[in-house]
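Coordinates in review
As a plain string of letters, each chain reads:
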Amino acid sequence: VQLVESGGGLVQPGGSLRLSCAASGITFSSYAMNWYRQAPGKERELVAGITSAGGSTNYADSVKGRFTISRDNAKNTVYLQMNSLKPEDTAVYYCNAIFFISYWGRGTQVTVSS
């Protein structure tokens, strides 16, 4: 099983990034998918989640209205569109797949700084 995140980088406050997570080795359409993040010295926190068919999403209060999670089951990929980025969004972002068993990617760094 592999979950490979991409799309991170350095962006100025107010900017946008789109993260992608490509999955292999699992029946992707059976898994709920989540994005978590972990900032230095802080615990990992759930940012956004989407059900297996994509019919329902949920977000942390801190990102509501700014981030959008989506998935393409034909491409085995989940996305996180991040707009109006703030310095406090700086963290390593992790992709998580869950269906009785939980799998994690290695993460991608997002740095929001001027």
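Presented here is a report on the structure given in the accompanying data block.

Basis of the calculations
- Residues numbered from 1 in each chain as written.
- Predicted model: local features only at pLDDT ≥ 70, side-chain atom pairs only at ≥ 80, totals over all residues.
- Heavy atoms only, no water.
- Helix = DSSP H or I, 4+ residues; strand = E, 2+ residues; numbered from the N terminus.
- Polar contact = N/O pair within 3.5 Å; in protein donor to acceptor, adjacent residues only side chain to side chain.
- Contact = heavy atoms within 4.5 Å.
- Disulfide = S-S within 2.5 Å.
- Core = buried A, V, L, I, M, F, W, Y, C linked by side-chain atoms within 4.5 Å.
- Buried < 20%, exposed > 50% of the residue type's maximum accessible area, 1.4 Å probe, protein only.
- Pairing = 2+ DSSP bridges.
- Axes fitted to C-alpha atoms, helices over the stretch in contact; angles between N-to-C directions.

Within the fold, E5 resides in strand β1 (residues 2-6). Within the structure, E5 has its side chain in polar contact with the backbone nitrogen of C95 (distance 2.8 Å). Not counting the four nearest positions on each side in its chain, E5 is found in contact with S20, C21, W35, Y93, Y94, C95, G105, R106, G107 and T108.

Here the focus is the state of the cysteines. Here the structure, examined in full by the defined rule, presents one disulfide. Here C21 is linked by a disulfide to C95, with a sulfur-sulfur distance of 2.1 Å. The sign of the -80 degrees torsion about the S-S bond sets the C21-C95 disulfide as left-handed. Of this pair, C21 sits in strand β3 (residues 17-24) while C95 sits in strand β9 (residues 91-99), and the two are 74 residues apart along the sequence.

Counting 29 residues, the largest nonpolar core has M33, W35, V78, L80, M82 and Y93 as its most contacted members. Going through the elements one at a time, β3, β4 (32-38), β5 (45-50), β7 (67-72), β8 (77-82), β9 and β11 (108-112) are the ones with two or more residues in this core. Those residues in contact with L80 that lie beyond four places of it in its chain are L17, R18, L19, W35, V47, A48, F67, T68, I69 and Y93.

Overall, antiparallel pairing links the four strands, which are arranged β1-β3-β8-β7 in an open sheet. In this open sheet, the two edge strands, each paired with only one partner strand, are β1 and β7. Taken pair by pair, the neighbouring strands of this sheet meet at an average axis angle of 15 degrees, ignoring direction. Pairing geometry for β1 and β3, over five bridges, is antiparallel. When the bridges of β3 are listed, S6 appears paired with S20.

What follows covers the environment of I26. Looking at the element boundaries, I26 is found in the loop between β3 and β4. Separated by 71 residues in the primary sequence, I26 and A97 have C-alpha atoms spaced 9.1 Å apart.

Here we take up unusual backbone geometry. Look at S84: it is not a glycine, yet its phi comes out positive at around 50 degrees. For S84, the position within the fold is in the loop between β8 and β9. Backbone geometry places F100, a non-glycine residue, at a positive phi of 70 degrees. Structurally, F100 can be placed in the loop between β9 and β10 (101-104). Taking relative accessible area as the criterion, F100 reaches 80% and is therefore assigned exposed.

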